[in-house]
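Next come the chains, spelled out residue by residue.
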Amino acid sequence: MRLKIVHGWKDLPEEQRGAAVALGNFDGVHRGHQQVIAQAAKAALAAKVPLGVVTFDPHPRRLFRPSEPAFKLMTHDQQARALEALGVDILYLLPFDFEMASFGDREFVEKVLVGGPHGGGLGVKHVAVGFDISFGRGRTGSAELMKIYGQQDDFSVSVAEPVASRDGEKFSSTAVRDALRDGHPEQAARILGRPFAIEGVVRRGQQLGRQLGFPTANVEVEDYVVPKLGVYATRTRLPDGRLVPGVANLGNNPTTGVVETRLETWLFDFDEDLYGQIIETQLIAFLRPELKFDSIELLVEQVLRDEVAARAIVAPGF
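Residues numbered from 1 in each chain as written. Predicted model: local features only at pLDDT ≥ 70, side-chain atom pairs only at ≥ 80, totals over all residues. Heavy atoms only, no water.

Examining the overall build of the chain
Selection rule: A run of DSSP states H or I qualifies as a helix once it reaches four residues; a run of E qualifies as a strand once it reaches two. Both are numbered from the N-terminal end. Our radius of gyration is a C-alpha quantity, and the globule rule it is checked against amounts to 2.2 Å times the number of residues to the power 0.38. By definition, residues are in contact when any of their heavy atoms lie within 4.5 Å. All accessibility values rest on the Shrake-Rupley procedure with a 1.4 Å probe; residue burial counts only the protein chains present in the view. His is not counted, nor are the chain ends, whereas Lys and Arg count as positive and Asp and Glu as negative. We put the charge of a Lys on NZ, of an Arg on CZ, of an Asp on CG and of a Glu on CD.
In terms of regular secondary structure, the chain is built from ten helices and twelve strands. For the chain, the C-alpha radius of gyration of 22 Å lies close to 20 Å, the compact-globule estimate for 318 residues. Once the C-alpha set of the chain is aligned to its principal axes, its extents read approximately 70 × 40 × 35 Å. Pairs at least 24 apart in sequence give 72% of the contacts found in the chain among residues at least 6 apart. With the model as given, the accessible surface of the chain reaches about 15400 Å², and the carbon-plus-sulfur share is 51%. Charge separation in the chain, taken as the distance between the mean sites of 36 positive and 42 negative side-chain charges, equals 3 Å.

Here it is as structure tokens:
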């Protein structure tokens, strides 16, 4: 991976300072985020400096509201790959701890974004933000304040305006989550610019699917936002890059024994051992809600119908 990931803002070597950066949470790296990054890229090219993205780990919401349900749209690995595809050179994955949370907006700019020769900081040359950016303790910082701080601290600032589709569909992480929870992965994909995908390690399950003729690769949902439970037509990216069509159940297995929410994907025309490997499964289309069947026989009949429906979408001609 060409992208360099930096996990702090103090005492950085000079080659990791002085970038033109996009600042934000960038969960999903959706088309609105891409607009902010494009502005930073333009500034980086003009100034002949690296292109950087500044975001936080964990998301500030996790520090202040740790008991709330999971909501992430991507893992850090997925985020890094999406950013690298946009030409980003450095991902500043800054720890959002109680020190970071204590900084007011001016202090955040002075200490973290700018810094000094002996005091750390990123030494930014340019900061690109979204029109609705908020930063600093109490979220008091704004795009207008960032412009003022840029003038004071000698870095340029650009502000990306809101981005929406031709029919007015807003490009935001909230809109992606809402679309997924409502069972509209195709709508989420329009906002993201690519299908929403769940990535994780393949775990051993009950292996009932294998006994019934449709072996599944089981991945825990963990910190992801939980889309509408049910059956999806899918495409799964394997560790070697192959993309395999399939059908998946996202849910708790009410027929065979309730489990933690997981994604169980039947990869079509595939019979290789994936246990312990990391796969990424794209949710392409929602087929039906998760159901509880009165018998295994009825479950099998429905899975075979789901296969036909999924193949028509993700593997036509098979």
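Some thoughts on the nonpolar core
Going by this rule: As used in this record, nonpolar core signifies buried Ala, Val, Leu, Ile, Met, Phe, Trp, Tyr and Cys residues forming a set joined through side-chain atoms within 4.5 Å. Partly exposed describes any residue whose relative accessible area lies between the buried limit of under 20% and the exposed limit of over 50%, with all areas from a 1.4 Å probe on protein chains only and scaled to the type maximum.
Among the nonpolar cores identified, the biggest contains 31 residues, and Leu23, Tyr92, Phe108 and Leu113 are the most heavily contacted of them. Those elements giving two or more residues to this core turn out to be β2 (20–23), β3 (51–57), β4 (90–95), α4 (98–102), α5 (105–114), β5 (126–130) and α6 (143–153). No other element matches α5, which puts five residues into this core. Formed by 28 residues, the second largest nonpolar core is a distinct cluster that contains Leu73, Leu180, Tyr232 and Leu267.

What about the packing of aromatic side chains?
As a reminder of what qualifies: Each aromatic pair joins two rings of Phe, Tyr and Trp (for Trp, the six-membered one) with centres within 6.5 Å, and gets the label stacked for planes under 30 degrees apart, edge-to-face for over 60, and tilted for any other angle. Any Lys NZ or Arg CZ found within 6 Å of a ring centre and within 35 degrees of that ring's normal is scored as a charge over the ring.
Per the counting criterion, the structure on display carries eight aromatic pairs. When the ring of Trp9 is compared with that of Phe103, the centres are 5.9 Å apart and the planes differ by 80 degrees; the resulting orientation is edge-to-face. Residue Trp9 is found in the loop between β1 (4–6) and β2, and its partner Phe103 is found in the loop between α4 and α5; the two are separated by 94 residues along the sequence. Note on accessibility: Trp9 and Phe103 belong to one class, buried. Here a set of aromatic residues connected by ring pairs shows up, and it is made of Phe56, Phe96, Phe108 and Phe135. Over the ring of Tyr275 we find Arg204; its NZ or CZ atom is 3.9 Å from the centre of that ring. Its guanidinium or amino end placed over the ring of Phe268, Arg311 lies 4.3 Å from that ring's centre, counting from NZ or CZ.

Considerations on the packing of α5 against α6
Basically, it comes down to this: Angular values range over 0 to 180 degrees, each being the angle between N-to-C directions of two axes fitted as lines to C-alpha atoms, with helices fitted over their stretch in contact. Each angle is binned into one of four classes, with values under 35 degrees roughly parallel, values over 145 roughly antiparallel, values of 65 to 115 roughly perpendicular, and all other values oblique. Left-handed describes a crossing in which the near helix is turned anticlockwise from the far one by less than a right angle; the clockwise case is right-handed. For this scheme, ten residues count as nonpolar: Ala, Val, Leu, Ile, Met, Phe, Trp, Tyr, Cys and Pro. Four count as charged, namely Asp, Glu, Lys and Arg, and the remainder, Gly too, count as polar.
As a packed pair, α5 and α6 sit with axes 11 Å apart at the nearest point and diverge in direction by 50 degrees. Judged by the angle between their axes, α5 and α6 are oblique. Judged by the twist between their axes, the crossing of α5 over α6 is right-handed. Of the residues in α6, those in contact with Asp105, Arg106, Val109, Glu110, Leu113 and Val114 of α5 are Leu145, Met146, Tyr149, Gln152 and Asp153. Taken together, the residues of the contact of α5 with α6 break down into six nonpolar, one polar and four charged.

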